[in-house]
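What the coordinates show
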Amino acid sequence: MWDALVNNPWILWLIIMLILAGIEMLTLDFLFLMMSIAALCAGVVSFFTHSIPLQVITFAVVAVLLIFLLRPVALNRINRSTPSTRSNAERLVGLSCTVLEPVSENTGLVRLEGDIWTARSAEHGTLEVGTKAYVYRIDGATAVVSGTAPATTDFSDSPASQPGY
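Every value quoted in this text rests on a predicted model; they were computed, and no experiment measured them.

Remarks on helix 2 (residues 9–27)
- The first and last C-alpha atoms of helix 2 sit 27 Å apart over 19 residues, in line with the 27 Å expected at 1.5 Å per residue.
- Those residues of helix 2 lying buried are Pro-9, Trp-13, Met-17, Leu-20 and Glu-24. Buried residues of helix 2, viewed axially, fall in a sector of 75 degrees; they line one side. Set apart from the buried face of helix 2 by more than 90 degrees, the exposed residues are Leu-18, Ile-19, Met-25 and Leu-26.
- Looking one or two residues beyond helix 2, the residue adopting positive phi is Leu-28, at roughly 55 degrees.

Given below as structure tokens:
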């Protein structure tokens, strides 16, 4: 088997390419896709020369170029096509919830989308049991809620929608 890999290095590059493409399917971050394309290029070079150092240099140079030149463009294009899509904690901001235990500035419980969350009030005062509240932001595993309905469904000024939140 080793003889086949030594005599046909393209097989090794093909295996590396397939492994990197498989990892990319799990991560969906374009990093391993760029490395997979670089492995394909190194495999093509292996048809012309059996120089392993030249193949490795080809892999490294193509990978670096693709990661730093093509990947940012691809990520920007993908992110630009879904700018208003909120996910994870961001999508909970603005949803209504029901107070299960009195919610003060320090403690409380609410039912939010069928789950029970610890909660704090975004305002001074206490929200009583059975009150309808609205999620202002998510702090870790705690919903910060308000008793007043949001004035708009655009939560771009909420902390959850800020970069690095």
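With respect to the pattern of salt bridges
- Tallied over the full model, the rule gives 4 salt bridges.
- In this structure, Arg-71 and Asp-29 form a salt bridge, with 2.7 Å as the shortest nitrogen-oxygen distance. Placement of Arg-71 in helix 4 (residues 52–81) and of Asp-29 in the loop between helix 2 and helix 3 (31–48) is noted, with a sequence separation of 42 residues between them.
- Classification of Asp-29 as partly exposed rests on a relative accessible area of 33%.
- Several salt bridges share partner residues, and in doing so they unite Arg-120, Arg-137 and Asp-139 into one network.

Structural notes on the sheet that holds strand 3 (residues 115–121)
- With mixed pairing, the 5 strands of this closed barrel are ordered in space as 1-2-3-5-4. Taken pair by pair, the neighbouring strands of this sheet meet at an average axis angle of 55 degrees, ignoring direction.
- Judged from the 5 bridges that link them, strand 4 (residues 132–139) and strand 5 (residues 142–146) form a sheet pairing that is antiparallel. Each bridged residue has a counterpart across the sheet, and for Asp-139 the counterpart in strand 5 is Thr-142.

Definitions and cut-offs
- Residues numbered from 1 in each chain as written.
- Predicted model: local features only at pLDDT ≥ 70, side-chain atom pairs only at ≥ 80, totals over all residues.
- Heavy atoms only, no water.
- Helix = DSSP H or I, 4+ residues; strand = E, 2+ residues; numbered from the N terminus.
- Expected span 1.5 Å × (residues − 1).
- Buried < 20%, exposed > 50% of the residue type's maximum accessible area, 1.4 Å probe, protein only.
- Arc of directions from axis to C-beta.
- Salt bridge = Lys/Arg side-chain N within 4 Å of Asp/Glu carboxyl O.
- Pairing = 2+ DSSP bridges.
- Axes fitted to C-alpha atoms, helices over the stretch in contact; angles between N-to-C directions.

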